[in-house]
Amino acid sequence: MANFKPLVLDQDRLFPADPTVRAIARRLYAGIKDLPIVSPHGHTDPSWFASNANFDNATSLLLLPDHYVFRMLYSQGISLESLGIRTKDGTPVETDYRKIFHTFAKNYHLFRGTPSRIWLDSVFHDVFGLEHALSSDTADLYYDSINEQLVKPEFKPRALLDKFNIELIATTEGAVNSLKHHAALKGTGYEKRVITTFRPDDVIDADRADFLANIKKLAEQTGQDTHSWHGYLQALRIRRQFFRDHGATATDHGHPTAKTANLSEHEASSLFQLCLSGTASKEQTELFRGQMLTEMAGMSIEDGMTMQIHPGAFRNHNPSIFERFGADKGADIPSPTEFVSNLKPLLDKYGNNAALKIILFTLDETTYARELAPLAGHYPALKLGPAWWFHDSPEGMLRFRHQVTETAGFYNTVGFNDDTRAFLSIPARHDVARRIDCRFLAGLVAEHRLNEDEAHELAQQLTYQLVKQAYQLD
Ligand SMILES: [Zn+2]
């Protein structure tokens, strides 16, 4: 007998087991579950929305872009080649998508207890209407059913934006990106719904192999002499405006650390020349990234863009994987991150400016209560982003709320970010955040630390208003 177990999403999932608290959580959730999704930070591909073409198949949509999925499989000895992950040198990998889906299905038990399991089951059940749990026995049923649905008009990317009740979604593009897909959206009615985000790491991080090529491209795009400090800064201003013209309301900075600097113009200019010459030390390229965060904060005050800082990812930790497959293959690992001293130069200059909006993220949870909540609970320019990446999980979100709320309050936080490439999982990810926020608020109500009417109001704000304020989306 084939192994056909039911796929059931319990209506009380992620709520507390205690019946008193659970009842409150249910009431809070009922008030917010149908609010529109605002997704101000993520990595979906803008070409999906520009071309509005149907997705190809279950494997290339659900598995190949999702490094959460293949890092877990890889950790259990399943090769990336067998999962169809393309190699940099073009050496052949598995191209039989059905076979890859079977490998995934056979190993689906590996995701027990992980947020990926919650997201994927929600996609299977809510988006594709599947009623049996994924296993080797149901792999063909899944693969065929998903593929049959994907060719339908209601599964085109723009139709899914409507189905998912996504009011707005931001993608993320590098500073020298042409933004051609966002340009193609102009006049379609979707240009205000699918917006870009300015991520200038490619022209700020002199440790990147493509740094000089990007500086050259920046000159071509802006007509500025990007080998002079002044021309380089002017070119960045021009690109920021170009991104704003394609909807951007925010910048994003993925630096190894939270280091900032406030050098004199002469020092900054000399450091820039060192970075261009290729002779800068690791310390000097780090100092340059730090100086540029302060420069970017200054430009944010000029043009009004919200600034996101995502420090602390040790990128491409596994050199063999990086050499064979490139970046974003599940080999990024969190590292300890310090904010109090590192942000001080930037804060000394701009921290008291309430018009500046800087959103801080961390992969180092030890900083929540000790550093981030006290900083955001004081400096008008600082807000705290939600639990990020490895901590974008039920337990991670609870740890975040428990550790920051007493010092930073709710109003120095900015709602939820899904930060995902996995488009179909966006409703499930936001639903997890909504359920966990209701769970946390219900606990405060049950302990008489908050009135239930206040908790209803907060649930609305955490889901909808705070994110729109923080990212200036009104
Ligand atoms: Zn991101």
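Residues numbered from 1 in each chain as written. Predicted model: local features only at pLDDT ≥ 70, side-chain atom pairs only at ≥ 80, totals over all residues. Heavy atoms only, no water.

**Q** Before we move on, could you go through the overall build of the protein and cite the residues and values that matter?
**A** A count of helices and strands for the protein gives 20 helices and 11 strands. Here the protein has a C-alpha radius of gyration of 23 Å; the compact-globule value for 474 residues is 23 Å, and the two agree. Summarising its shape, the C-alpha atoms of the protein cover approximately 75 × 60 × 45 Å along the three principal directions. Relative to its 474 residues, the protein shows a buried fraction of 56%. (Helix = DSSP H or I, 4+ residues; strand = E, 2+ residues; numbered from the N terminus. Rg over C-alpha atoms; globule rule 2.2 N^0.38 Å. Buried < 20%, exposed > 50% of the residue type's maximum accessible area, 1.4 Å probe, protein only.)

**Q** Kindly report on the side chain of N52, identifying the contributing residues and their values.
**A** Looking at the element boundaries, N52 is found in the loop between α2 (46–51) and α3 (58–63). Engagement of the side chain of N52 in a polar contact is seen with the backbone nitrogen of R158, the distance being 2.8 Å. With near-sequence residues (within four places) excluded, N52 lies in contact with S47, K156, P157 and R158. (Polar contact = N/O pair within 3.5 Å; in protein donor to acceptor, adjacent residues only side chain to side chain. Contact = heavy atoms within 4.5 Å.)

**Q** So what about the nonpolar core? Which residues, and what values?
**A** Considering soluble globular proteins, one finds that nonpolar side chains tend to be buried as a cluster. Within the largest apolar cluster, 101 residues are counted, with the highest numbers of intra-cluster contacts made by Y232, L236, M292, L441 and Y471. Per element, the largest residue contribution to this core is 10 residues, and it comes from helix α19 (residues 426–446). Setting aside its immediate chain neighbours within four residues, L236 contacts F198, V203, L218, M292, M296 and M299. Judged by nonpolar contacts, the second largest core, of 50 residues, contains F55, A58, Y108 and Y190. (Core = buried A, V, L, I, M, F, W, Y, C linked by side-chain atoms within 4.5 Å.)

**Q** Account for the coordination of the zinc ion, with residues named and values stated.
**A** Coordination of the zinc ion by the protein involves H41 (NE2), H43 (NE2) and D419 (OD), with metal-donor separations of 2.1 Å. Mapped onto the polypeptide sequence, the residues donating to the zinc ion form the spacing pattern H-x1-H-x375-D. (Donors = N, O, S within 2.8 Å, 3.2 Å for Na, K, Ca; no water.)

**Q** How would you summarise the pattern of salt bridges if you had to cite specific residues and measurements?
**A** Scanning the model with the defined rule gives 31 salt bridges in all. Its salt-bridge partner being E406, residue R449 comes within 3.5 Å of it at the nearest N-O pair. Placement of R449 in the loop between α19 and α20 (452–470) and of E406 in helix α18 (residues 394–408) is noted, with a sequence separation of 43 residues between them. Assessed through its relative accessible area of 69%, E406 is described here as exposed. (Salt bridge = Lys/Arg side-chain N within 4 Å of Asp/Glu carboxyl O.)

**Q** Quick one: what's the story with helix α7 (residues 139–150), residue by residue and with numbers?
**A** The terminal C-alpha atoms of α7, which comprises 12 residues, lie 16 Å apart, in line with the 16 Å expected from a rise of 1.5 Å per residue. Lining the buried residues of α7 we find α3, α5 (97–106) and α6 (115–127). (Expected span 1.5 Å × (residues − 1).)

**Q** Hey, could you go over α18 for me, with residue numbers and the actual values?
**A** Under the 1.5 Å per step criterion, the end-to-end length of α18 is 20 Å for 15 residues, consistent within 8% with the ideal 21 Å. Looking at α18, one finds that the buried residues are P394, G396, M397, L398, F400, R401, V404, T405 and A408. On the buried face of α18, the contacting elements are α6, α17 (367–376), β11 (382–384), α19 and α20.

**Q** Outline the sheet that holds strand β2 (residues 166–170), supporting the account with residue identities and numerical values.
**A** Read across the open sheet, the 3 strands follow the order β1-β2-β4; overall the sheet is parallel. What marks the edges here is a single partner per strand, and that holds for β1 (37–39) and β4 (194–195). For β2 and β4, the ladder comprises 2 bridges, and the chain directions are parallel. Bridge pairing in β4 links A170 to I195. (Pairing = 2+ DSSP bridges.)

**Q** If you had to explain the environment of L441 to someone new, which residues and values would you point to?
**A** With respect to the helices and strands, L441 occurs in helix α19. The spatial distance from the C-alpha of L441 to the C-alpha of H456 is 8.6 Å, given a sequence separation of 15 residues. For L441, the contacting residues outside a window of four places in its chain are L28, F410, L450, A455, L458, A459 and L462.

**Q** So what about the packing of aromatic side chains? Which residues, and what values?
**A** One pass over the structure, following the stated rule, counts 29 aromatic pairs. Centre to centre, the rings of F198 and F243 are 4.9 Å apart; their planes meet at 75°, and the pair counts as edge-to-face. Of this pair, F198 sits in strand β5 (residues 198–199) while F243 sits in helix α12 (residues 229–244), placing them 45 residues apart in sequence. Taking relative accessible area as the criterion, F198 reaches 0% and is therefore assigned buried. Here W389 and F390 contribute two aromatic rings whose centre-to-centre distance is 5.3 Å and whose plane-to-plane angle is 15°, an arrangement assigned as stacked. Site record: aromatic cluster; members linked through ring pairs are F101, F104, Y108, F111, F124, Y142 and Y143. The ring of W119 has R429 lying over it, and the distance from NZ or CZ to the ring centre is 3.7 Å. (Phe/Tyr/Trp six-rings, centres within 6.5 Å; stacked < 30°, edge-to-face > 60°. Lys NZ or Arg CZ within 6 Å of the ring centre and 35° of its normal.)

**Q** I'd like a rundown of the environment of A387, residues and numbers included.
**A** As for its placement among the helices and strands, A387 is situated in the loop between β11 and α18. Overall, the relative accessible area of 6% leaves A387 in the buried class. Setting aside residues no more than four positions away along its own chain, A387 makes contact with Y368, D392, G396, M397 and F400.

**Q** Account for the pairing of strand β6 (residues 250–253), naming residues and giving values.
**A** Residues in a regular strand point their side chains to alternate faces of the sheet. Alternating residues of β6 divide into A250 and D252 and T251 and H253, and every residue in both groups is buried. Judged from the 4 bridges that link them, β6 and strand β7 (residues 306–309) form a sheet pairing that is parallel. Note on β7: the bridge partner recorded for T251 is M307.

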